[in-house]
Amino acid sequence: MNAPEKFLAKPAAVKTATGHSHFHESARAQVAGAATYIDDIPEVKGTLHAAPILSTVAHGKLRGVDTSQAEAMPGVRAVLLARDIPGDPILATFVHDEPIFAIDKVEFIGQVVGVVVADTVMQARRAARQVQLDIEPLPAILDPREAVKQKNFVLPPVTVRRGEPEHGIAKAPHRLTGSLEVGGQEHFYLEGQVGYALPLEQNNWWIYSSTQHPGEIQHWVAHALGLPNSAVKVECRRMGGGFGGKETQSGHIAVWAALAAHKTKRPVKLRLDRDDDFMVTGKRHPFAYDWEVGFDSTGLITGLKLMLAANCGFSADLSGPVADRAVFHADNAYFLGDVEIVSYRCKTNTQSHTAFRGFGGPQGMIVIEAILGDIARALGLDPLDVRRRNLYGIEDRNVTHYQMQVEDNILAPLLAKLEQTSTYRQRRADIGMWNAKSPVIKRGIAITPVKFGISFTATFFNQAGALVHVYTDGSVQVNHGGTEMGQGLNTKVAQIVADELGVPFDTVRVTAADTSKVPNASATAASSGTDLNGRAAQFAARQVRERLAQYVAEKQNCDPKQVIFAQGQVSTPTAVIDWEQLVDDAYHARVQLWSDGFYKTPKIHYDKHTLTGRPFYYFAYGAACTEVAIDTLTGESRVLKVDILHDVGHSINPAIDIGQIEGGFIQGMGWLTTEQLVWNDKGYLATHAPSTYKIPATGDVPEHFKVELWPEANREDNVGGSKAVGEPPFMLAISVWEALRDAASAARGGQAVRMDAPATAENVLKALKL
Amino acid sequence: MREARASPNLAAIFVRESTILNRMEAKTIRFIRRGELVSVANVPPDRTLLEVLREDLGSCGTKEGCGEGDCGACTVVLGEAREGKLDYKAINSCIRLAHSIDGMALWTVEDLAAEDGTLHPAQEAMVQCHGSQCGFCTPGFVMSLFGMYQNHVCKNEPVTRELAQEELSGNLCRCTGYRPILDAAQQMAQLPPVRVDEASLVSQLEELAHKRDAMPATGAYLAPRTLPQLLAARAEHPGAQIVAGCTDVGLWVTKMHKQYGQVLDVTQVNELRRIEHYDNHLAIGAAATLTEAFEALVADRPQLKTFANRFAGLPVRNSGTLGGNVANGSPIGDSMPLLIALGAHIVLMSVRGHREMPLEAFYTGYRQNLLAPDEVVAWIKVPRSTPGELLRAYKISKRYDDDISAVCLAINLTVKDGVVQRASIGAGGVAATPVRATQAEAALAGQPWTEQAARQAGTALRAQFKPISDMRASAAYRAEVLGNLMQRFWLESQGLEQINLERFVMPASEPASTPWIAGQARNDNAGAPA
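1. As for the overall build of chain A
At step 1: Helix and strand counts for chain A stand at 19 helices and 29 strands.
At step 2: Its C-alpha atoms give chain A a radius of gyration of 27 Å, within 12% of the compact-globule value 27 Å for 770 residues.
At step 3: The principal-axis extents of the C-alpha atoms in chain A amount to approximately 80 × 75 × 50 Å.
At step 4: Across the 770 residues that make up chain A, the buried fraction comes to 70%.
At step 5: Partitioning the contacts of chain A with sequence separation of at least 6, the portion at a separation of at least 24 is 81%.
At step 6: Total accessible area computed for chain A in this model is approximately 23,900 Å², and 52% of it derives from carbon and sulfur atoms.
At step 7: Taking the 76 positively charged and 85 negatively charged side chains of chain A as two groups, their mean positions are separated by 2 Å.

What follows is the structure, encoded as structure tokens:
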């Protein structure tokens, strides 16, 4: 349906690599089982396997650990606890608040107290469960609202305020108050967390890690071992999915494996069992909200006070920037003139919640969409009209609550086009008539927009490096600081480099992320992979090209600008030469055929104390129209129809971009419908496997699922005119939740609907009665 | 069968395994792969096929995603010669015991491409449709597609979107949103065909079977071929762990870390693989797979098709057996409420003889039943459909496909002249065992079939059961929905359509939407100096 090119069509002769739907650079290997993931790497002789020892209590004093039974079990080589750490026993996280192994207290069920090392995976796992923990239980806090009450925070609260929201609410002809709970989300990368640590000569280390951030793994491992960063090399060819779950969380696994290898002086691999992965690693932050809004009779917001309580779990991890991004995106696409947003970073006795596609953005956006939906129902207006009424303006009403001017706003024409192509108005009328006659099933429809800020909010992360090597036969290798997790980064980078050098796509190969090649790379996160690394690689390739152009120009007696590199050939006004021949000639003429490249995003700045500035280089936009049906007897629901119009700028690879949009949407739909994390009253995560935690399956995808790309290039100078695409489409799925609320409202005669997320059958049925 | 997940909860984490099992010798596993005989010796009886593939054979193309048969990353295809024909099944290798494939043909993702690297249509279509992103689920999808290729494309049956969704429901992908994979499923028939040389494979398998039949069923992995052999083995080795597809016991191994020194596999017993059709009932052998058993049930009662498809995913239905599901007796297993509503009986056999009882009488408590140490579940006898029978099986879960019921309710009424002649209702997820809803049945029997009667039956359902709250649903929700499902049944019995989202058809009132052209023009500026 959204296949960008006719099935089985042979690619036509094309001039450029970018702009075309090249297959994923690993696709042929992946379908043949020949793509290597960490656990597939042939094991070095003597490799041992580690398994974690988990806390069974949500909060308590760790009085003692008895490892004697575990140590007596077959195959067991060692049991490591905090005392076995040669370096700092605290992980090298930003806030420095997380012990590598629990030291004198435990703070969630699943916290790792140590690891067992054994000859086989199953021996290690079996023995890990025989380690006896002596824990004196203490009261646990499991709910973010309780944490707010007790002022139990991982980081201090943050308030962003503009104008006089109290006055804006007081003077308004209409007011509403509300609250909402939105659940977290397990990443469920198909490849679980895995790390493989190999001790090398002279206390050097080689770490294979399935990670989005090799540089951080390097730093954490070095820190734990008490070594300089230069002693540790981290490599990752690809991940079997990341979604933010391997930004920091992969670091723990690598550190544990390295410590085990350090103690046993043997290579050690640690691959978490899926259930342990659920129990140990952090998830998307669950949020709780309270709000009060004033608005006029057209639905225009005149004042808003909003409280966001982020459930951060037991440590800070990335909760600061996640909660910040929620604050930044609590406007979504709408101008909030008089507004106060209070953000709490709640400490609870659960897994330490972490990055997940959108990184707080979804949790910020959903509440403003909830408020606008409620306003529309309170006034009896079409929610699309209320949304439109509140959009950022072009000339005025165009400054965000964090003082950034929105310069590239395309939402008004984008929404207008989607409204028309999805036949939204007609369908809304049809659905109304149909609902009136349908006794059990009610349908609903919603269009919601997305405006998502692109850049790491920590400005210094917005830098990247790359290396381009041209070999004497003309073949090209590129290496960059980004990581491949399925998003197609390596494919896009190869396309960009191919075009820069004017060679066919197949000439360029991308190699594994490796801290010994490009150092100090930022995490592949914040949708920034192609923007940063693609540009760095482009610059590296450009330097090689310019050297070659200089060489050709001297020989041909022309201006270097007249040397054209295209389609594997190099031409001047007087001659044409094959790329391979030129490279060979240049090599013999001692021209440097490789180069580095470096890029830093321009224009951005941001004061983290006042939360003001221009944290984002640009915004990515999109909108979705979703139609659903609910069963008023059971609360079950179905997504019936989805139309998406999304802005990726000029697409470097339409198939990959559409893949990100579709995949992001379905993942977002899962967050808001079937994916429910349930902690019991002891703080035990009861949904810790795919048997109990349900991500969308094939049957959940609507047959009508159409994606169109907005045709305009990025208005900022970005690689190939493109825009970042990893995260923004995730939030298009808020339209699913709003459509479900629309259907529930229809079942309630148009009344207001309070529906907590995820909208499981139980939550939908509850919403029909509140 | 693995509907009752043996979740490795923390209580289980501290179950101590005091005995180091005295391991018996298991015989060499032999199977055909890439046209060649593969022999693997000294494999413990409780070692999984995935472990043998990845750790013993170094075939790392097949992935472990969850280790419990729920994600499908480990999917491989098995071939069995049955009556001279090859029977292909996609199964989960992570919870399948390696010994169970002795005598079969095996394909993994590494076995499909030609020697020269030419991809199989199941693979090529995935490439062409951009069906892989991170690629970790891909080997499993490719193998499910290969299963579909052999079972449908090679038989000139079209692969529709609906069929693709059904047969891929046991494979999870977290990247793509599935659309390109569904496209690939529908497109692979357009690619140049590739055929398995079935004749030579069948003869290889028959030769293998011939050798194996000559050997006695002894040792650590007992896989008797006949019913008398099975009963003798059961009597002789009451301590052996019975497996009948292993889609639940597999989790006891991978998640609860149990070790079994001896395993008794019932799935090779010829008599018990049969499904026999009699005038008044079907006799489903305990070794018939869930796929085969549901096929027979659906043939008799077509309205059960969706319910059957919603039972786990295809790879689990292809391994798991109805007998195993019933013997396991999980209160959240979906087959029991249906079988109870259908009035099924269970037949137990031992060297001492056999006995038969209504299914609900078999269960004595949470995962407890009347099976004696020398007995096996042999048959499930299911009465045939009768005229005037109103039958529906409802399943409420968080996800439609491949999920476990929060509530399962199967209602079977015979209404004659507006009066309920017979009411038979089975319920799951509402008590410690699968149960018969006797109070609702009593409320209905002999009553006129009216909305009022349905309401009273709903009240009786809520009165009889005191469900628990857990991660699937609260007690209050389960109780409410029990009654509401009776209301749904009433409405369906009155011919109302479009009241159940399980088979909702999009109303066609809207004008057809404009065809959209996805993608966009190529970008001539890309790559130019910025």
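2. As for the side chain of A:Thr350
Residues and elements named next belong to chain A.
At step 1: Position of Thr-350 relative to the elements: it lies in the loop between strand S15 (339–346) and helix H10 (361–379).
At step 2: For Thr-350, a relative accessible area of 1% puts it in the buried group.
At step 3: Thr-350 has contacts with Glu-107, Phe-108, Leu-142, Asn-311, Gly-313, Phe-314 and Trp-679, leaving out every residue within four places of it along the chain.

3. Comments concerning the interface of chain B and chain A
At step 1: With 115 residues of chain B at the contact, the number on the chain A side is 132 residues.
At step 2: At the boundary of chain B with chain A, total buried surface from both sides reaches about 10,500 Å², with 57% on carbon and sulfur atoms.
At step 3: Across the chain B-chain A interface, the total number found is 13 salt bridges.
At step 4: Among the ionic pairs, A:Lys769 bridges to B:Glu480, the shortest N-O distance being 2.6 Å.
At step 5: Our enumeration of links across chain B and chain A arrives at 42 residue pairs in polar contact (both at pLDDT 80 or more).
At step 6: At eight residues, the largest contribution of residues to the side of chain B that touches chain A is made by helix H18 (residues 475–493) of chain B.

4. Things to note about the packing of aromatic side chains
All names here are of chain A.
At step 1: The full count for this structure, using the stated rule, is 33 aromatic pairs over all chains.
At step 2: On the numbers, 4.4 Å between centres and 40 degrees between planes, the contact of Phe-460 with Phe-461 is tilted.
At step 3: Overall, Phe-461 belongs to the buried group, its relative accessible area being 17%.
At step 4: Ring geometry for Phe-619 against Tyr-621: centres 6.4 Å apart, planes inclined by 55 degrees, an arrangement best described as tilted. With respect to class, Phe-619 is no different from Tyr-621; both count as buried.

5. Digging into the confidence of the model for chain B
Residue and element names in this part refer to chain B.
At step 1: Averaged over all residues, the pLDDT of chain B equals 91, while 91% of them reach at least 70.
At step 2: When the criterion is pLDDT under 50, residues 1–22 qualifies, and its contacts beyond four places in sequence or with other chains add up to 76 contacts.
At step 3: The ipTM value of the predicted complex is 0.97, and its pTM value is 0.96.

6. What to know about helix H13 (residues 424–437) of chain A
All names here are of chain A.
At step 1: For H13, built from 14 residues, the straight-helix expectation of 20 Å at 1.5 Å per residue is met to within 8% by its first-to-last C-alpha distance of 20 Å.
At step 2: Those residues of H13 not exposed but buried are Tyr-424, Arg-427, Asp-430, Ile-431, Trp-434 and Asn-435. Looking straight down H13, one finds its buried side chains confined to an arc of 135 degrees; they lie on one side. Along H13, the residues that are exposed and aim more than 90 degrees away from the buried face are Met-433, Ala-436 and Lys-437.
At step 3: Of the surrounding elements, those touching the buried residues of H13 are helix H11 (383–389), helix H12 (411–421), strand S16 (441–454), strand S27 (618–631), strand S28 (637–646) and helix H18 (734–747).

7. Thoughts on the pairing of strand S17 (residues 463–470) of chain A
Residue and element names in this part refer to chain A.
At step 1: For S17, the buried fraction is high: six of the eight residues fall into the buried class.
At step 2: Bridge analysis of S17 against strand S18 (residues 476–480) gives five bridges, and the strand direction is antiparallel. Looking at S18, one finds that Leu-467 is bridged to Asn-479.
At step 3: Once S17 ends, the chain turns through five residues before running back antiparallel as S18, passing Gly-474 with a positive phi of about 95 degrees.

8. Re empty space enclosed by the protein
All names here are of chain B.
At step 1: Overall, the coordinates contain twelve cavities of 30 Å³ or more when judged by the stated rule.
At step 2: Each pocket or cavity is described by its volume, and for the largest cavity that value is around 220 Å³.
At step 3: In this structure, the largest cavity is lined by 24 residues; those nearest its centre are Arg-96, Met-104, Thr-267, Asn-318 and Ser-319.
At step 4: Within the residue set of the lining of the largest cavity, elements represented by two or more residues are strand S3 (75–82), strand S4 (85–92) and helix H12 (314–319).
At step 5: For the lining of the largest cavity, the per-class residue count stands at eight nonpolar, eight polar and eight charged.

Each value, and the rule that gives it
Residues numbered from 1 in each chain as written. Chains lettered and ligands numbered in written order. Predicted model: local features only at pLDDT ≥ 70, side-chain atom pairs only at ≥ 80, totals over all residues. Heavy atoms only, no water. Helix = DSSP H or I, 4+ residues; strand = E, 2+ residues; numbered from the N terminus. Rg over C-alpha atoms; globule rule 2.2 N^0.38 Å. Buried < 20%, exposed > 50% of the residue type's maximum accessible area, 1.4 Å probe, protein only. Contact = heavy atoms within 4.5 Å. Areas by Shrake-Rupley, 256 points an atom, 1.4 Å probe, with all protein chains shown as cover. Lys, Arg positive; Asp, Glu negative; His and termini not counted. Charge placed at Lys NZ, Arg CZ, Asp CG, Glu CD. Buried area = accessible area lost by both parts, 1.4 Å probe. Salt bridge = Lys/Arg side-chain N within 4 Å of Asp/Glu carboxyl O. Polar contact = N/O pair within 3.5 Å; in protein donor to acceptor, adjacent residues only side chain to side chain. Phe/Tyr/Trp six-rings, centres within 6.5 Å; stacked < 30°, edge-to-face > 60°. pLDDT = per-residue confidence, 0-100. Expected span 1.5 Å × (residues − 1). Arc of directions from axis to C-beta. Pairing = 2+ DSSP bridges. 1 Å grid on protein atoms, 1.4 Å probe; cavity = no way out; pocket = protein on both sides within 12 Å on 5 of 7 lines; lining within 4 Å. Points joined across faces, edges and corners; volume = space filled by probe spheres on them. Nonpolar A, V, L, I, M, F, W, Y, C, P; charged D, E, K, R; others polar.

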